[in-house]
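Descriptive structure summary
Next come the chains, spelled out residue by residue.
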Amino acid sequence: MAAPNLLDPKSATHNSKPCLSFSAKSITLSPREECQAIATVMKWKTVLAIFLLVVLYLVVGAAVFRALEQPHESAQRLAILNQKLEFLSTHTCVNHSHLEELVKQVVSAIRSGVNPAGTLTNHSSLWDLSSSFFFAGTVITTIGFGNISPHTEGGRIFCIIYALLGIPLFGFLLAGVGDQLGTIFGKATARVEKMFVQWDVSQTKIRVISTVLFILFGCLLFVALPAAIFKHIEGWSALESLYFVVITLTTIGFGDFVAGGSEIEYLDYYKPVVWFWILVGLAYFAAVLSMIGDWLRVISKKTKEEVGEIRAHAAEWTANVSAEFKETRRRLSVEVYDKFQRAASIKRKLSTDLGLNSTPELTPPKRILPVNFTDEREREPMFPYMTKNGSIFQNGLGGEPRRGDVAIIEYLK
Amino acid sequence: MSSWYKSWILLTGFILFYVAYLLFGAFVFSTIERPVEDKLKRDIQVLKEEFLNQSCVNATSLENFLERVLQANKYGISILPNSSASSNWDLASSLFFANTLVTTVGYGHTTPLSDTGKAFSIFYALLGVPFTMLVLTACVQRLMHLVTYGPISMCRQKIGLEPLAATAVHFAILLLVVVLGFFVVPAVVFSYIEDTWSFLDSIYFCFITLCTIGLGDYVPGENPGQNFRSLYKISVMVYLFVGLMMMYLILRAFHRMADLHGLTSFFQLPHCDEDIEEDKEPIIEAGHEDQHEAEDSAKPLDPASQTSYNTINR
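Residues numbered from 1 in each chain as written. Chains lettered and ligands numbered in written order. Predicted model: local features only at pLDDT ≥ 70, side-chain atom pairs only at ≥ 80, totals over all residues. Heavy atoms only, no water.

Under an unreviewed UniProt entry, chain B has the name Potassium channel subfamily K member and belongs to Oncorhynchus mykiss. Taken from UniProt, the Catalytic activity (unreviewed entry) comment for chain B reads in full: "K(+)(in) = K(+)(out)". Taken directly from UniProt, the Subunit (unreviewed entry) text for chain B runs: "Homodimer; disulfide-linked." (UniProt positions renumbered as here; feature names shortened; annotations may be inferred.)

Looking up chain A in an unreviewed UniProt entry gives the name Potassium channel domain-containing protein, with the organism given as Oncorhynchus mykiss. UniProt's Sequence similarities (unreviewed entry) comment on chain A is quoted here verbatim: "Belongs to the two pore domain potassium channel (TC 1.A.1.8) family." Within the UniProt record for chain A, the comment given under Subcellular location (unreviewed entry) is "Cell membrane".

Set out below in structure tokens:
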């Protein structure tokens, strides 16, 4: 608000009622700003709530994993320690430190991908062209199995640069493949819709059915079928194959199971087909995951709506109640005030009529009433006596009116 | 019809280029790594022979023993004496594992052994990965206001640069800050805490982690004598989250900038979503969400909404 100009009559009026002008200004100026401010606050709260939810999810997962895995781990540890002791006891010429040394070397060799078990002569290299191709593929798709990893400094630096360029490239490719998948699916949906429209099914039902079909068909083609193939070729169990498929297609890529990573003799076209499957399966999984994300969003939006509705109802109810309360208070106070005023005016009139002063202020009607009653009761037994000479009564009591009669007269007025 | 053909042609072009890129990478990796591998093979062979010569152990029992040891090692159990008595599945490590699962980094230094663990991982990942993407996207959307729109408008008003130049300058500064703060500084910290890691190893680790590749050859906190192991692992988790957020932020900022400079239309790549409207809307609701949800599922990857894999899950 501009500095008030004292010479200006308008601003003088403004200044004379500062409260009113300020409040008016605030009402007109920032309903939108306030709305925005409130909206931003709520959005941060939403993000914070989701973040806390994620942390909770992680903690729950950690607890479950610990409960499931720790017993297994302890069992394995015991087993291997027993093995070691057995080995040392059967082969008494081997001493402790030699064995440790050997094991350490062997472990680091394994980490470099060299398997010292078995004969090493016909062992295929981990860095021949096809395996390097596979490794490059795992880096670009950010799966990163880790069963092969570069160990030289040059290899690592090159890996960094390679990934920097390759990951966006793969992202574009994935977007393109997903787009084609979506187009194909859209056409299929359109055909299905045409079929269903003949049977008069509603739009949403068609959409839902097509979504379910998409998920099922995709699962069959990209998850179940490859899992069965892996189970057959790699010799894993059904669960392990499924586990490998999910871990790979979500790009987590632990590397404990890798297709084409064992010592089996693979067909020549096995690895390229696996790579192609990874590409298309990734697009499918990205679609499924984004769908799940959308569902989570819708669920949270619905919850937010419900919470918002509840809050709106509560606010409405509170507003109504307080408005009623205020109204009642106002009415009551007005009534009481009115009655009070009336009583005061009656009393004033009475006092001016009778010349009585110092009549008590409080509730004159009430004071009159008991006087009437007592007078009546006193008069009762005498009543039959009096009625004999009705005229005497009137005559006897005439003249100066008694206080009770005055009261009666007053009250009746 | 021609646009459809065009998109197919573009796609095949992309695939061919991608295959060429992979071949190139394979060739380079092969030439760099293979000699080292051969040398290691020879060394280990020599070691084995030495061991066998000096002792009464015969080859087969040694092989069996080694196989068992390697099997155990695959699951993170070591028989070396100074291996930590702490488990790989205490609460902090399990939390770390759940975190690598959910952010799709997936080191693989510890993996679930039991069948129930594997089954649980499947469901946990299927639910947790989109969840994490949602959180990260929500945070990045908020951060974009703070980090991108604010400074850019400030740049424009105070320094008076053109919008294009302002965005380029801002992006360069943002990139520099992120590289310094999330690669160089953590690499220094890691190389200090982990005694076996050099500075290059630490930067390599930071990069591999923040791109969610997660090869697993370097994992922090696996040193047997690590002090404050739980605290260390949890702080690495926090670093992972915040670092991922920063990567998404950079990606988004780059996309906006490319949009502005017309690069995306030049290469006929997907455009960024409309900025101001969408970002001022609350992330969790949009009026048309219900109606579009079914449509989105019908057309899972709309060409106008994603530019790279990192944004696809959005």
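More follows now that the structure is in view.
A count of helical and extended segments in chain A gives 13 helices and 0 strands. Mapped in sequence order, the helices and strands of chain A form the string α-α-α-α-α-α-α-α-α-α-α-α-α. Of all 413 residues assigned to chain A, the portion counted as buried reaches 36%. Here the analysis covers contacts within chain A between residues at least 6 apart in sequence; of these, 57% occur between residues at least 24 apart. Carbon and sulfur atoms make up 66% of the accessible area of chain A, which totals about 25500 Å². (Helix = DSSP H or I, 4+ residues; strand = E, 2+ residues; numbered from the N terminus. Buried < 20%, exposed > 50% of the residue type's maximum accessible area, 1.4 Å probe, protein only. Contact = heavy atoms within 4.5 Å. Areas by Shrake-Rupley, 256 points an atom, 1.4 Å probe, with all protein chains shown as cover.)

Another point: the overall build of chain B. The number of helices and strands found in chain B is 11 helices and 0 strands. Each helix and strand of chain B, ordered N terminal to C terminal, gives the series α-α-α-α-α-α-α-α-α-α-α. Here chain B, with 314 residues, has 51% of them falling under the buried criterion. Excluding contacts between residues fewer than 6 apart, the proportion of contacts in chain B whose partners are at least 24 apart in sequence is 63%. Carbon and sulfur atoms provide 66% of the accessible area of chain B, an area that totals close to 14400 Å².

Moving on, we come to the packing of aromatic side chains. Scanning the entire structure with this criterion turns up 24 aromatic pairs over all chains. Seen from their ring centres, Phe254(A) and Phe97(B) are 5.3 Å apart, and the 15 degrees between their planes marks the pair as stacked. Residue Phe254(A) is located in the loop between α8 (238-249) and α9 (270-354), and its partner Phe97(B) is located in helix α3 (residues 91-102); the two belong to separate chains. Using a relative accessible area of 2% as the deciding quantity, one classes Phe254(A) as buried. Assessed through its relative accessible area of 1%, Phe97(B) is described here as buried. Clustering of aromatic rings is evident, with ring pairs tying together Phe96(B), Tyr107(B), Phe190(B), Trp197(B), Tyr204(B), Phe205(B), Tyr218(B), Tyr232(B) and Tyr239(B). Here the basic side chain of Lys118(B) rests over the ring of Tyr243(A), its NZ or CZ set 6.0 Å away from the ring centre. (Phe/Tyr/Trp six-rings, centres within 6.5 Å; stacked < 30°, edge-to-face > 60°. Lys NZ or Arg CZ within 6 Å of the ring centre and 35° of its normal.)

Looking now at the packing of helix α6 (residues 153-198) of chain A against helix α6 (residues 199-210) of chain B. Between α6(A) and α6(B), whose axes approach to 10 Å, the crossing angle comes to 30 degrees. As far as their axial angle goes, α6(B) and α6(A) are roughly parallel. The way α6(A) lies across α6(B) gives a crossing that is left-handed. Residues Glu153(A), Arg156(A), Ile157(A), Cys159(A), Ile160(A), Ala163(A) and Leu164(A) of α6(A) form the contact with α6(B), whose own contacting residues are Leu200(B), Asp201(B), Ile203(B), Tyr204(B), Phe207(B) and Ile208(B). Here the contact of α6(A) with α6(B) is built from residues that sort into 10 nonpolar, no polar and 3 charged. (Axes fitted to C-alpha atoms, helices over the stretch in contact; angles between N-to-C directions. Parallel < 35°, antiparallel > 145°, perpendicular 65-115°, else oblique. Left-handed = near helix turned anticlockwise from the far one by under 90°. Nonpolar A, V, L, I, M, F, W, Y, C, P; charged D, E, K, R; others polar.)

This paragraph deals with a nonpolar patch on the surface. Residue and element names in this part refer to chain A. Taken together, Leu48, Phe51, Leu52, Val55 and Val59 make up a surface patch of nonpolar side chains, about 420 Å² in accessible area. Position of Phe51 relative to the elements: it lies in helix α3 (residues 31-90). For Phe51, a relative accessible area of 34% gives the class partly exposed. (Patch = residues over 30% accessible without salt bridge, like charges linked within 9 Å, V, L, I, M, F, W, Y side chains within 5 Å. Salt bridge = Lys/Arg side-chain N within 4 Å of Asp/Glu carboxyl O.)

With that out of the way, let us pick up the UniProt feature "transmembrane region" (unreviewed entry) in chain A. Per the UniProt annotation, the sites labelled "transmembrane region" (unreviewed entry) are residues 47-68, 126-145, 157-177, 208-230, 242-262 and 274-296 of chain A. For the annotated span residues 208-230 of chain A, helix accounts for 100% and strand for 0% of the residues, and the straight-line distance between the end C-alpha atoms is 32 Å.

What follows is about unusual backbone geometry. A positive phi angle, close to 60 degrees, is found at Thr251(A), a residue other than glycine. By secondary structure assignment, the location of Thr251(A) is in the loop between α8 and α9. When its relative accessible area of 1% is taken as the criterion, Thr251(A) is described as buried. Although it is not a glycine, Thr212(B) adopts a positive phi angle of roughly 60 degrees.

The terminal C-alpha atoms of helix α7 (residues 229-260) of chain B lie 46 Å apart, and with 32 residues this matches the ideal 46 Å at 1.5 Å per residue to within 8%. Where α7(B) ends, the next residue or the one after it, Gly262(B), has phi of about 75 degrees, a positive value. (Expected span 1.5 Å × (residues − 1).)

Another aspect to go through is the pattern of salt bridges. Considering all chains together, one arrives at 3 salt bridges over all chains under this definition. For Glu240(A), the salt bridge goes to Lys118(B), with nearest N and O atoms at 3.9 Å. Of this pair, Glu240(A) sits in helix α8 while Lys118(B) sits in helix α4 (residues 115-159), each in a different chain. Like Lys118(B), Glu240(A) is buried. A salt bridge links Arg330(A) to Glu327(A); the shortest N-O distance between them is 3.0 Å. Of this pair, Arg330(A) and Glu327(A) both sit in helix α9, 3 residues apart, which is roughly one turn of the helix. Given a relative accessible area of 36%, Glu327(A) falls into the partly exposed group.

Another aspect to go through is the nonpolar core. One finds Phe230(A), Phe244(A) and Leu101(B) to be the most contacted residues of the largest nonpolar core, which totals 111 residues. With sequence-adjacent residues up to four places away left out, Phe244(A) is seen in contact with Phe145(A), Phe230(A), Trp236(A), Phe257(A), Val258(A), Ala259(A) and Trp277(A). Within the second largest apolar cluster, 20 residues are counted, among which are Leu88(A), Leu47(B), Leu62(B) and Phe65(B). (Core = buried A, V, L, I, M, F, W, Y, C linked by side-chain atoms within 4.5 Å.)

All names here are of chain A. Running from amino to carboxyl end, helix α5 (residues 129-140) crosses α6 at an angle of 65 degrees, the nearest separation of the two axes being 8 Å. Here α6 runs roughly perpendicular to α5, going by the angle between their axes. When you trace α5 past α6, the crossing you get is right-handed. For the pair formed by α5 and α6, the contact residues are Phe135, Ala136, Val139 and Ile140 on the first element and Cys159, Tyr162, Ala163, Gly166, Ile167 and Phe170 on the second.

Residues and elements named next belong to chain A. Here Thr141 shows up in the loop between α5 and α6. It is 7.1 Å that separates the C-alpha atoms of Thr141 and Thr251, two residues lying 110 residues apart in sequence. Within the local environment of Thr141, its side chain forms a polar contact with the backbone oxygen of Thr138, the two atoms lying 3.5 Å apart. (Polar contact = N/O pair within 3.5 Å; in protein donor to acceptor, adjacent residues only side chain to side chain.)

Residues and elements named next belong to chain A. Considering the arrangement of structural elements, one finds Gly235 in the loop between α7 (203-234) and α8. We classify Gly235 as exposed; its relative accessible area is 59%. The spatial distance from the C-alpha of Gly235 to the C-alpha of Ile264 is 9.7 Å, given a sequence separation of 29 residues.

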